[in-house]
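# Understanding the architecture of this molecule
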Amino acid sequence: MSSSAGPVIDANLAVALDALLTEQSVTRAAARLHTSPAAMSRTLARLRRILQDPLLVRAGQAMVPTPRARALREETAAVVRRLEVLLAPGAGVDPALLRSTFTLQAADLVGAALAPGMAGLSRQEAPGISLRFRSEELEAGSALRDGRIDLEVGAIDHMDPETRIEELVTLRMAAAVRPGHPLTEGALTPDRLAAADHVAVSRRGRFTGPLDAALAERNLRRRVAVVLPSHLAAMNLAASSDIVCLVPTALPGDAPSPVTDTATTLGLRLLDIPVPLPPLTIGMAWHPRHAADGGHHWLRNAVRRTLRAPGATTP
């Protein structure tokens, strides 16, 4: 059976031909390509068979190109330059030249923390970038895979094998109350915390969470008066009533987190919760097809710089 496929092209032959025609010496061409003179001699013999031309011929102590070789020199050099560009690792992208819209999925509290800082970075470094924030209505793993979102930022709770995940910052939960709230007077004990009215934040309408489990270990139960799907709505409710809202804040000794900025703007008082709760880790997830993309690299670095404490490293 005959095949219509063309001959297999060996790009290494073009590189070797360029070295031979430039150096006009088997020894120097071999040194240039970090190979042996014997191997380069075999390559020259192969090129002579393919091109049906001697290419380089002896003239005294030197070798000189044939007319065919001189005619090939410029085109060979151009082909090698194009190969180098084609096969080079992805070059860095100038953010100022980017013209892209990036879609990020995040809870409203994380989105509120990210938007001001990232908008400022975009304005300074990448004015052609537009940022679109979506709430957590999509299944993040499939949305990343399908390209409906470029980046998920928040508490990453899925572990799809292909998803790249990077942890950004670890926070703790605090009890947020309005100024003058009864809990701001005196020591905050588990009993007093459980006796207060609470607002829970849950997109699925759940009344319970880690705080309820911690209180239950002390035979305590809190009253959740309201369940809201939005952290921002919950904080607004706490700012205008005696209801307690849980808010993420920085670990002791860490720089303030922008995730807490909205609570600060609303004037909420943050109180240490008197029972141990698991920390909250904020991370970001993306599909590996974006790993080497220059624009996506800028996006991920902008998220790092916005959420991490000043002076944190940015790999």
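See the structure shown above.
First, a word on what this report is: a plain description of the structure on this page. (Residues numbered from 1 in each chain as written. Predicted model: local features only at pLDDT ≥ 70, side-chain atom pairs only at ≥ 80, totals over all residues. Heavy atoms only, no water.)

## Brief notes about the overall build of the chain
This is how it is decided: Secondary structure elements are taken from DSSP: a helix is a run of H or I of four residues or more, a strand is a run of E of two residues or more, and numbering for both begins at the N terminus. For this measure, only C-alpha atoms enter the radius of gyration; the expected value for a globule follows 2.2 Å times N^0.38, where N is the number of residues. Three exposure classes are used, based on accessible area relative to the maximum for each residue type with a 1.4 Å probe and protein chains only: buried under 20%, partly exposed in between, and exposed over 50%. A contact between two residues is defined here by any heavy atoms of the two lying within 4.5 Å.
From N to C terminus, the chain includes 11 helices and 11 strands. In terms of overall size, the chain is more extended than a compact globule, its C-alpha atoms giving a radius of gyration of 32 Å where 315 residues would be expected to give roughly 20 Å. Dimensions of the chain, computed from C-alpha atoms along their principal axes, come out at roughly 100 × 50 × 35 Å. Every one of the 315 residues in the chain was classed for burial, and the buried ones make up 41%. By sequence separation, contacts in the chain at least 24 residues apart represent 72% of the contacts at least 6 residues apart.

## Some points on the layout of surface pockets
The probe, sized like a water molecule, is rolled over the atoms to show the empty space still left. To keep things clear, this is the line we draw: Note on definitions: the grid is 1 Å and covers protein atoms alone; a cavity is a set of points where a 1.4 Å probe fits but cannot get out; a pocket is an open set with protein on both sides within 12 Å along at least five of seven lines; lining residues have an atom within 4 Å of a point. Grid points are joined across faces, edges and corners, and a volume is the space filled by probe spheres set on the points.
Each pocket or cavity is described by its volume, and for the largest pocket that value is around 1,400 Å³. Lining the largest pocket are 43 residues, with Glu136, Ala155, Val201, Ser202 and His231 sitting closest to its centre. Put simply, the parts of the chain that give the lining of the largest pocket at least two residues each are β3 (100–106), α5 (108–125), β5 (151–154), β7 (197–201), α8 (210–216), β9 (245–250) and β11 (280–286).

## Thoughts on unusual backbone geometry
One non-glycine residue with positive phi stands out, namely Gln24, at about 50 degrees. By secondary structure assignment, the location of Gln24 is in the loop between α1 (11–23) and α2 (26–32). When its relative accessible area of 24% is taken as the criterion, Gln24 is described as partly exposed. At Asn219, a residue that is not glycine, the phi angle is positive and equals roughly 60 degrees. Within the element layout of this structure, Asn219 appears in the loop between α8 and β8 (223–228). Residue Asn219 is classed as exposed on the basis of its relative accessible area of 73%.

## Some words on the side chain of Thr76
Considering the arrangement of structural elements, one finds Thr76 in helix α4 (residues 67–87). The exposure class of Thr76 is buried, given its relative accessible area of 6%. Not counting chain neighbours up to four residues away, the residues in contact with Thr76 comprise Ala14, Leu17, Asp18 and Leu21.

## A closer look at the pairing of β3
Worth spelling out the cut-off: A crossover gets the label right-handed when its path from the first strand over the helix to the second runs clockwise, viewed with the strands pointing away from the viewer. A pair of strands is labelled paired if DSSP reports no fewer than 2 bridges between them.
Where burial is concerned, most of β3 is hidden: 5 out of the 7 residues are buried. For the handedness criterion, the β-α-β arrangement of β3, α5 and strand β4 (residues 129–134) is classed as right-handed. Direction of pairing for β3 relative to β5: parallel, over a ladder of 3 bridges. Each bridged residue has a counterpart across the sheet, and for Leu104 the counterpart in β5 is Leu151.

## Here's the deal with the packing of aromatic side chains
A ring pair, where both rings are aromatic, is described by two values, the distance of the centres and the angle of the planes. Filter applied, for reference: Here the aromatic set is Phe, Tyr and Trp, taking the six-membered ring for Trp, and pairing holds for ring centres within 6.5 Å; pairs whose planes are under 30 degrees apart are stacked, those over 60 apart are edge-to-face, and all others are tilted. By definition here, charges over rings are those cases where NZ of Lys or CZ of Arg is within 6 Å of the ring centre and within 35 degrees of the ring normal.
In the structure shown here, the tally under the stated rule is 0 aromatic pairs. Seen from the ring of Trp286, Arg300 lies directly overhead, with NZ or CZ sitting 4.6 Å from the centre.

## Observations regarding the pattern of salt bridges
For the record, the criterion: Salt bridge, as used here: a side-chain nitrogen of Lys or Arg that lies within 4 Å of a carboxyl oxygen of Asp or Glu.
Tallied over the entire structure, the rule returns 11 salt bridges. Two residues, Arg305 and Glu125, come together in a salt bridge whose shortest N-O distance is 2.8 Å. Placement of Arg305 in helix α11 (residues 294–307) and of Glu125 in helix α5 is noted, with a sequence separation of 180 residues between them. Note on Arg305: relative accessible area 33%, which makes it partly exposed. For Glu125, a relative accessible area of 24% puts it in the partly exposed group. A salt bridge links Asp272 to Arg172; the shortest N-O distance between them is 2.8 Å. Residue Asp272 is located in strand β10 (residues 269–272), and its partner Arg172 is located in strand β6 (residues 164–177); the two are separated by 100 residues in the primary sequence.

## Digging into the packing of α5 against helix α9 (residues 231–239)
Working note: a packed helix pair is described by the angle between its axes plus the distance between those axes. The criterion, for reference: Helix axes use the C-alpha atoms of the stretch in contact, all axes being lines fitted to C-alpha atoms, and the angles between their N-to-C directions lie in the range 0 to 180 degrees. Roughly parallel means an angle under 35 degrees; roughly antiparallel, over 145; roughly perpendicular, 65 to 115; everything else is oblique. Residues are sorted three ways: Asp, Glu, Lys and Arg are charged, Ala, Val, Leu, Ile, Met, Phe, Trp, Tyr, Cys and Pro are nonpolar, and all the rest, Gly among them, are polar.
Interaxial distance between α5 and α9 falls to 7 Å at its minimum, and their mutual angle equals 95 degrees. On the basis of the axis angle, α5 is roughly perpendicular to α9. Listed contacts from α9 to Asp108, Leu109 and Ala112 of α5 are His231, Leu232 and Met235. Partitioning the contact of α5 with α9 into residue classes produces 4 nonpolar, 1 polar and 1 charged.

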